[in-house]
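# Tertiary structure, described
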Amino acid sequence: MNRQRLIIRISRDSIALSTSDNGQVRYERYPMNSGISLAANMREAFRTQLFLQDDYEHVLVLVDSPVLTIPVAMFREEERDQLYHYTFTPHDQFMAMHAVLPDLNAVAVFSVQKDLRQVLADRFGRVCYQPVMSVVWRHMYQKSFTGQHAKLYCYFHDRKMEVFAFGPNRFKFQNTYAVTTPDDALYYVLSVWKQLGMDPQSDELHLAGPMPELKDRALTFVKRVFASNPTGEFNRAPVTLIDGMPYDTMLVYLRN
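Residues numbered from 1 in each chain as written. Predicted model: local features only at pLDDT ≥ 70, side-chain atom pairs only at ≥ 80, totals over all residues. Heavy atoms only, no water.

Before going further, it helps to examine the overall build of the chain. Check the secondary structure of the chain and you find eight helices and 13 strands. The C-alpha atoms of the chain give 19 Å as radius of gyration, which agrees with the globular expectation for 256 residues (18 Å, within 12%). Based on the C-alpha atoms only, the size of the chain along its principal axes is roughly 55 × 45 × 35 Å. Here the chain, with 256 residues, has 48% of them falling under the buried criterion. For the chain, long-range pairs separated by at least 24 residues make up 55% of all intrachain contacts whose partners lie at least 6 apart in sequence. (Helix = DSSP H or I, 4+ residues; strand = E, 2+ residues; numbered from the N terminus. Rg over C-alpha atoms; globule rule 2.2 N^0.38 Å. Buried < 20%, exposed > 50% of the residue type's maximum accessible area, 1.4 Å probe, protein only. Contact = heavy atoms within 4.5 Å.)

In structure tokens, the structure reads:
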């Protein structure tokens, strides 16, 4: 069977699979075997998940790995690997890749396990890779034009918090923090808030992803705090009702 799209979301300890065919979206988290490599888990998924044996017109792999953002004017592909390895010192089994973020005049450099990339290439041939955050950044950047106040964005996923803010056609701030509790998250948020010189009375803090307790705690320090509700934001689009689907994966379907 030839289906329209397959999305594979890869993080350090999980594989999530979603497909779309004539507007119908299916989402599953593949149960990882921690005793074998990520590439071996992917091979096992191909063997046991029947819908992965179909053919697809488009295959997108969303990768949750450290991201280095570089202004387009300063990016040189021949320097990409050296800059990334200098910044994050990944193991030899990882290779650097990049995705252009045209709205933000930036290039996002990220990494993919070489063995995993080979497994996917053997199965599908042509595969598109993007960092998990790319669609979130684009979506929030477009939302940043509403209203007159400065905005700080936080997205929670995979036991981490992505914090970012935008200037005209660029990032003003972008960083990732490992967080496990709302107190951890609030500490980093307020630190960035102060660093950017934001006004606690008029500027806005926007939250997305699974850490709902943070909103009430942040309201103690910041007057205008907004937590994303995808179901309401996108008028109860069916993909927003799928249990467990990350916000970033929803956005891929909703924005295309």
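Structure shown, so let's carry the discussion forward.
Scanning the model with the defined rule gives eleven salt bridges in all. Between arginine 26 and glutamate 28 there is a salt bridge; the shortest N-O distance is 2.6 Å. You can call glutamate 28 partly exposed: its relative accessible area is 24%. Between lysine 143 and glutamate 233 there is a salt bridge, with its nearest N and O atoms 3.4 Å apart. Of this pair, lysine 143 sits in helix H4 (residues 133–143) while glutamate 233 sits in helix H7 (residues 230–233), and the two are 90 residues apart along the sequence. Taking relative accessible area as the criterion, glutamate 233 reaches 28% and is therefore assigned partly exposed. Connected via shared salt-bridge partners are Arg9, Asp158 and Asp248. (Salt bridge = Lys/Arg side-chain N within 4 Å of Asp/Glu carboxyl O.)

Attention now goes to the sheet that holds strand E7 (residues 106–113). With antiparallel pairing, three strands are arranged side by side in an open sheet as E5-E7-E6. The open sheet is flanked by strand E5 (68–71) and strand E6 (94–101), the only strands paired with a single partner. If you compare each strand with its neighbour and ignore which way they point, the axes differ by 30° on average. Sheet topology places E6 next to E7; eight bridges connect them, and they run antiparallel. (Pairing = 2+ DSSP bridges. Axes fitted to C-alpha atoms, helices over the stretch in contact; angles between N-to-C directions.)

The subject of this paragraph is the environment of leucine 101. For leucine 101, the position within the fold is in strand E6. Given the relative accessible area of 2%, leucine 101 is considered buried. Taking the C-alpha atoms as reference points, leucine 101 and glutamine 130, separated by 29 residues in sequence, lie 10 Å from one another. Here leucine 101 is in contact with Ala106, Ala108, Ser134, Trp137, Arg138 and Phe171, once residues within four sequence places are set aside.

For the pair H4 and helix H8 (residues 247–254), the least separation of the axes is 8 Å and the interaxial angle reads 70°. Considered as vectors, H4 and H8 are oriented roughly perpendicular to each other. Viewed along their axes, H4 and H8 form a crossing whose handedness is left-handed. Mapping the contact onto sequence places Val135, Val136, His139 and Met140 in H4 and Tyr247, Asp248, Leu251 and Val252 in H8. Here the residues of the contact of H4 with H8 sort into six nonpolar, one polar and one charged. (Parallel < 35°, antiparallel > 145°, perpendicular 65-115°, else oblique. Left-handed = near helix turned anticlockwise from the far one by under 90°. Nonpolar A, V, L, I, M, F, W, Y, C, P; charged D, E, K, R; others polar.)

Moving on to the environment of serine 111. Inspection of the secondary structure assignment puts serine 111 in strand E7. The exposure class of serine 111 is buried, given its relative accessible area of 5%. Residues serine 111 and glutamine 93, 18 residues apart in the sequence, show an inter-C-alpha distance of 9.8 Å. Ignoring sequence-local partners within four residues, the contact set of serine 111 consists of Val63, Ser65, Pro66, Tyr84, Phe94, Met95 and Ala96. A polar contact of 3.1 Å, which involves the side chain of serine 111, links it to the side chain of tyrosine 84. (Polar contact = N/O pair within 3.5 Å; in protein donor to acceptor, adjacent residues only side chain to side chain.)

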